[in-house]
Amino acid sequence: MAEIKLATEVRTEFGKGAARRIRRANQVPGVVYGHGAESVHITLPGHELLLALRTANVLIGLEIDGKDALVIPKAVQRHPLKGTIEHVDLLTVKRGEKVEVEIAVHVEGDLAPGANLLEFVQNTLLVEAEATHIPESVTVSVAGLDAGDSIIAKDVPLPKGSVLAGDEDAIVIQVVAAQAEEPSADEAAAETEGAEA
């Protein structure tokens with residue numbers, strides 16, 4: 001995974017008013033924590049951060065007070081209507097260190113013939129991976145699966161260097177038979193009248 005570099009400034013002002021001023025300047029308030037070090041409050045460039053966060057579990061390189069830091073996003077707060085980033089929590093990581101992250105589950109292939117539906121019980125998996133080699137996602141084949149079939153976490157093929165960190169017996173995907181819709185009261189009455197005529 002490529003590392004994205006972002007410029008940062010250490011923040012000395014706190015509170016709602018300071019956060020609003022930061023956002024008006026097209027920046028995002030954030031906090032960097034981890035490895036037992038004291039939390040550092042920073043500001044990040046809004047647009048560049050938005051682009052970086054399009055990649056799940058992105059590895060971000062920061063320069064904080066002249067020192068380089070590698071971080072991954074742990075919590076991102078977005079505006080409920082605008083979708084803009086309001087605040088970000090970043091976790092410090094080191095090269096070679098293992099971290100637990102959630103990765104997206106994608107599917108490929110066609111289900112068995114019939115009126116079957118694919119249901120995602122979990123659309124992410126908790127895995128442990130080396131901080132600089134976090135997979136973006138995993139792909140599971142659902143080819144030929146029929147109603148009643150399911151895929152559990154331990155059956156999902158993980159990329160090399162990643163291990164499952166969550167419940168290995170948890171159902172990730174299941175196939176269910178499509179339910180026939182019950183006719184509405186009006187439709188049922190029309191069918192009855194038609195049969196009597």
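The residue numbering used here restarts from 1 in each chain and proceeds along that chain's sequence as written. Two thresholds apply to this predicted model, a pLDDT of at least 70 for residue-level local features and 80 or more for giving and counting side-chain atom pairs, whereas whole-chain, interface and lining totals are computed over all residues. Note that the side-chain values use all heavy atoms of the structure and ignore hydrogens as well as water.

**Student:** Explanation requested: the overall build of the protein chain in the structure shown.
**Tutor:** Each helix and strand in the protein chain was counted, giving 3 helices and 14 strands. Per-residue accessibility, obtained with a 1.4 Å probe over protein chains only, is compared with the maximum for each type, and a residue is labelled buried under 20%, exposed over 50%, and partly exposed between these values. Buried positions account for 34% of the 197 residues belonging to the protein chain. For the protein chain, long-range pairs separated by at least 24 residues make up 63% of all intrachain contacts whose partners lie at least 6 apart in sequence. When the accessible surface of the protein chain is summed, it comes to about 11,900 Å², and 49% of that surface belongs to carbon and sulfur atoms. Secondary structure elements are defined from DSSP: runs of H or I of at least 4 residues count as helices, runs of E of at least 2 residues count as strands, and each element is numbered from the N terminus. The criterion used for residue contact is that any of the two residues' heavy atoms lie within 4.5 Å. Calculation of accessible area relied on Shrake-Rupley with a 1.4 Å probe; when residues are assessed, cover is drawn exclusively from the protein chains displayed.

**Student:** Help me out: how do you make sense of the sheet that holds strand E2 (residues 9-10) in this one?
**Tutor:** The strands making up a sheet associate through backbone hydrogen bonding, with each pair oriented either parallel or antiparallel. Two strands are said to pair when DSSP picks up at least two bridges between them. Here we have 7 strands laid out as an open sheet, ordered E1-E5-E6-E7-E3-E4-E2, and mixed in their pairing. If you trace the sheet from one side to the other, it starts and ends with strand E1 (3-6) and E2, each paired once.

**Student:** Could you clarify how one ought to interpret the environment of Lys160 in this entry?
**Tutor:** You can see Lys160 is positioned in the loop between strand E12 (150-152) and strand E13 (163-164). Separated by 31 residues in sequence, Lys160 and Ala129 place their C-alpha atoms 9.1 Å apart.

**Student:** How should the pairing of strand E6 (residues 67-78) be read in this particular structure?
**Tutor:** Sheet analysis places strand E5 (residues 59-64) next to E6, joined by 5 bridges and oriented antiparallel. When the sheet's bridge partners are listed, Ile64 is paired in E6 with Lys67. Linking E5 to E6, which pair antiparallel, is a turn of 2 residues; within it Asp65 sits at a positive phi near 50°. When E6 meets strand E7 (residues 85-93), the two strands line up antiparallel, connected through 8 bridges. When the sheet's bridge partners are listed, Val76 is paired in E7 with Val88. Count of turn residues in the E6/E7 antiparallel hairpin: 6 residues, of which Gly83 carries a positive phi of about 80°.

**Student:** Help me understand the environment of Val58, please; the structure alone is not making it clear to me.
**Tutor:** Summarising the element assignment, Val58 is placed in the loop between helix H2 (46-52) and E5. Given a relative accessible area of 1%, Val58 falls into the buried group. For the pair Val58 and Pro135, spaced 77 residues apart in sequence, the C-alpha separation works out to 9.6 Å.

**Student:** What should I look at first to understand the sheet that holds strand E14 (residues 171-177) in this one?
**Tutor:** On the basis of which strands lie adjacent, the open sheet formed by 3 strands has the order E9-E14-E12 and antiparallel pairing. The open sheet is flanked by strand E9 (116-120) and E12, the only strands paired with a single partner. The average angle at which neighbouring strand axes cross in this sheet is 15°, direction not considered. Here E9 runs beside E14; their pairing, made up of 5 bridges, is antiparallel. By the bridge assignment for E14, Glu119 is matched with Gln174. Think of each axis as a best-fit line through the C-alpha atoms, taken over the contacting stretch in the case of a helix, with angles from 0 to 180 degrees between the N-to-C directions.

**Student:** How should I be thinking about the pairing of E5 in this particular structure?
**Tutor:** In the case of a regular strand, side chains alternate between the two sheet surfaces. Here E5 lies mainly inside the structure; 5 of its 6 residues are buried. Relative to E5, E1 is paired through 4 bridges, and the arrangement is parallel. Paired with Ile4 across the strands is Ile60, a residue of E5.

**Student:** It is not clear to me how helix H1 (residues 16-24) should be interpreted in this structure. Could you clarify?
**Tutor:** Because an α-helix completes one turn every 3.6 residues, residues spaced three or four positions apart along the sequence face the same direction. All buried positions along H1 are accounted for by Ala18, Ala19 and Ile22. All buried residues of H1 fall inside an arc of 100° around its axis, so they share one side. Opposite the buried face of H1, by more than 90 degrees, sit the exposed residues Lys16 and Arg24. The inward-facing, buried residues of H1 abut strand E3 (27-34) and strand E4 (37-45). Backbone geometry just downstream of H1 places Asn26 in the positive-phi region, at approximately 60°. When we speak of the arc, we mean the arc of directions from the helix axis to the C-beta atoms.

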